[in-house]
Amino acid sequence: MRIAILAAGSEGDVRPYVALGLGLKASGHEVCLAAFAGFQPLVTGQGLAFYPVPNPAATLESAPAWQAWQHSQGNSIRHLHNLRRVARLAGTAIEDMLDGFWAACQGAGAIVSSSTSLAGPHIAEKRGVAHVWALLQPMTRTRAFPYYLSPIRFPPESRFNLLTYIAAEHLFWQLFKWPINRWRQSTLGLRPLLAPGPYRSLDGAGDPILYGFSPSVVPRPADWGDGPCLAGYWFLDGPADWAPPADLVAFLAGGPPPVYVGLGRLSAPDTCLDLALRALRRLRCRGILWTGWRSVSRRELPDDVFAVGHVPHDWLFPRVAAVVHHGGVGTTAAALRAGVPSVCVPGFFDQPFWSRRVAELGAGPPPIVPKRLTVRQLAAALDAATRNPAIRMRAGAIAKGIRAESGVDRAVEYLNRHFAAL
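Every chain is numbered on its own, with residues counted from 1 as its sequence reads. Restriction of local features to residues with pLDDT of at least 70 applies here, the model being predicted, together with a cutoff of 80 or more for giving and counting side-chain atom pairs; totals for whole chains, interfaces and linings are based on all residues. Here the side-chain values reflect all heavy atoms present in the structure, with hydrogen atoms and water set aside.

Engineer: Give a description of the packing of helix α6 (residues 120–127) against helix α7 (residues 159–188) that names residues and reports values.
Structural biologist: The angle between two axes is taken between their N-to-C directions and runs from 0 to 180 degrees, where each axis is a line fitted to C-alpha atoms and a helix contributes only its stretch in contact. Strands here are runs of E lasting at least two residues and helices are runs of H or I lasting at least four, both read from the DSSP assignment and numbered beginning at the N terminus. Taken N-terminus to C-terminus, the directions of α6 and α7 make an angle of 25°; their axes are 11 Å apart at the nearest point. With respect to their mutual orientation, α6 and α7 come out roughly parallel. The chirality of how α6 crosses α7 is right-handed. Contacts from His 122, Ile 123, Glu 125 and Lys 126 of α6 reach α7 at Ile 180, Trp 183, Arg 184 and Leu 188. Residues are grouped as follows: Ala, Val, Leu, Ile, Met, Phe, Trp, Tyr, Cys and Pro are nonpolar; Asp, Glu, Lys and Arg are charged; every other residue, Gly included, is polar. Taken together, the residues of the contact of α6 with α7 break down into 4 nonpolar, 1 polar and 3 charged. By the definition adopted for this analysis, an angle is roughly parallel if under 35 degrees, roughly antiparallel if over 145, roughly perpendicular if from 65 to 115, and oblique otherwise. A crossing counts as left-handed when the near helix is turned anticlockwise from the far one by less than a right angle, and as right-handed when that turn is clockwise. Whether two residues touch is decided by their heavy atoms; if any such pair falls within 4.5 Å, the residues are in contact.

Here you go:
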């Protein structure tokens, strides 16, 4: 069967779908993964067919509304207001992305899609083929915890948690219904949908739902019943023939395990670099700094700090004492599988959710709000992460559970059962 996988987002959002695609290909399917054009080397380098789609963010990143949305996570009302402004600006760009996904699905007998791709259920309806949600964040209604983007926290098993999902389904449909319904009519020749559109099927009563995160990190809620499949993480490890730079190997061997700091594009590059160096110096810790945001020469760094670009997380993280990161699903999963504590400084989207999960699981200190990030705060969090035996023990226990799972295998088995029953 030819299967189209629709994914949208950053590299951390796309890599799990590449892993899933490889599993489906190994089981005998023909797989085409559609994502933003910049991911073509990642996808085709793994031997999968690729279809490029336009990235709506490319036309929006310089817009004041986009910048305001990215920096308003701490204020829920302002954040939603800015998101609505972004959605209005992105109307045509979103339709261009949807057209790309429509083209990618021609000839497909089944569609597997992320929530951010937006197109999957509509294309499946038009073509009369199977559609499965493959999600990296919990979106099925439950009383166990609030919707992952909810700015309000309620106690476990509260009925108000359930209401956050219903509210989110309606909110996101209101944000995107105009470009989606225009596209349904103009491109697909389908009738417009009423609220809450395709998001209603995420309540477990519609299209099948497959989750790509670990039950060791988000235990299966009792009120999900037998519906969604909680498969485990879909890890795409580094190339088997990848070899680390000799100077990095020498640095790691030259002292105790360092702390990895991947603050990335959190704020101004020079500010991030200076803050990280001062926190490491205060704790007298060795460090590895991800410098993807800028070029850093060895002359700018002390002898106990090493700068890296891209290094596979599955190779590096087991060799460090702790990981400082944004809390995105991919980096969080890699740190938890490595069994090392995380210090999370979350930005937007799902980052606050996964950062809270790390702290609730005891695998790291409470997350730090980016606007309140100081040398003192970062140093205190690193001190807890590297020197608190309870945190290190808990991180190790979670890692054992994740390593015992075969997320891709279980996901492929679930999809094959579903397709065979059609």
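Still more to cover.
Engineer: Tell me what's going on with the packing of aromatic side chains, and back it up with residues and numbers.
Structural biologist: Any two of the Phe, Tyr and Trp rings considered here, Trp counted by its six-membered ring, make a pair once their centres fall within 6.5 Å; the pair's planes then place it as stacked at under 30 degrees, edge-to-face at over 60, or tilted in between. On inspection of all chains with the given rule, the structure shows 16 aromatic pairs. Where Trp 242 meets Trp 315, the ring centres are 5.5 Å apart and the plane angle is 65°; that geometry is what we call edge-to-face. Residue Trp 242 is found in the loop between β7 (229–230) and α8 (246–253), and its partner Trp 315 is found in helix α10 (residues 313–316); the two are separated by 73 residues along the sequence. Trp 315 gets classed as buried once you look at its relative accessible area, which sits at 16%. Taking the centre distance of 5.2 Å and the plane angle of 55° together, the rings of Tyr 260 and Phe 317 count as tilted. One end of the pair, Tyr 260, is in strand β8 (residues 259–261); the other, Phe 317, is in the loop between α10 and β11 (322–325), and 57 residues separate them in sequence. The pair Tyr 260 / Phe 317 is uniform in exposure class, with both members buried. Aromatic rings pair up to connect Phe 145, Tyr 147, Tyr 148, Tyr 165, Phe 172, Tyr 211, Phe 213, Trp 224, Phe 349, Phe 353 and Trp 354 into one cluster. The side chain of Arg 159 reaches across the aromatic face of Phe 160, ending 4.7 Å from its centre. Three labels apply to residues, based on accessible area from a 1.4 Å probe with only protein chains included: buried if under 20% of the type maximum, exposed if over 50%, partly exposed otherwise in between. Charge-over-ring contacts are defined here by two conditions on Lys NZ or Arg CZ: a distance within 6 Å of the ring centre and an angle within 35 degrees of the ring normal.

Engineer: Account for helix α15 (residues 407–420), naming residues and giving values.
Structural biologist: Here α15 spans 20 Å end to end across 14 residues, near enough to the 20 Å set by a 1.5 Å rise per residue. On its buried side, α15 packs onto β1 (2–6), α1 (11–26), β4 (110–113), β5 (130–135), β6 (209–211) and β7. Expected helix span is taken as 1.5 Å per residue step, with the number of steps being one fewer than the number of residues.

Engineer: I'd love a proper account of the pattern of salt bridges, names of residues and values included.
Structural biologist: Pairs may arise between side chains of opposite charge once their charged atoms sit close together. Salt bridge, as used here: a side-chain nitrogen of Lys or Arg that lies within 4 Å of a carboxyl oxygen of Asp or Glu. Within this structure, the stated rule accounts for 10 salt bridges. Linking Glu 11 and Arg 15 is a salt bridge whose minimum nitrogen-to-oxygen distance equals 3.2 Å. Remark: Arg 15 and Glu 11 occur in helix α1; sequence separation between them is 4 residues, near one turn of the helix. Taking the shortest distance from any N to any O, the salt bridge between Asp 237 and Arg 337 comes out at 2.5 Å. In this pair, Asp 237 sits in the loop between β7 and α8 while Arg 337 sits in helix α11 (residues 329–338), placing the two residues 100 residues apart along the sequence.

Engineer: For the sheet that holds strand β12 (residues 342–344), give the residues involved together with the corresponding values.
Structural biologist: Taking strand neighbours across the sheet as the criterion, the 5 strands line up as β10-β9-β8-β11-β12 in an open arrangement whose pairing is parallel. Bordering the open sheet on either side are β10 (305–308) and β12, each of which pairs with just one other strand. Within the sheet, the average angular offset between the axes of one strand and its neighbour, ignoring direction, is 20°. Here, strands pair whenever DSSP counts at least two bridges between them. In this sheet, β12 lies alongside β11 in parallel orientation, the contact comprising 3 bridges.

No statement about biological role is implied by the geometric values presented.
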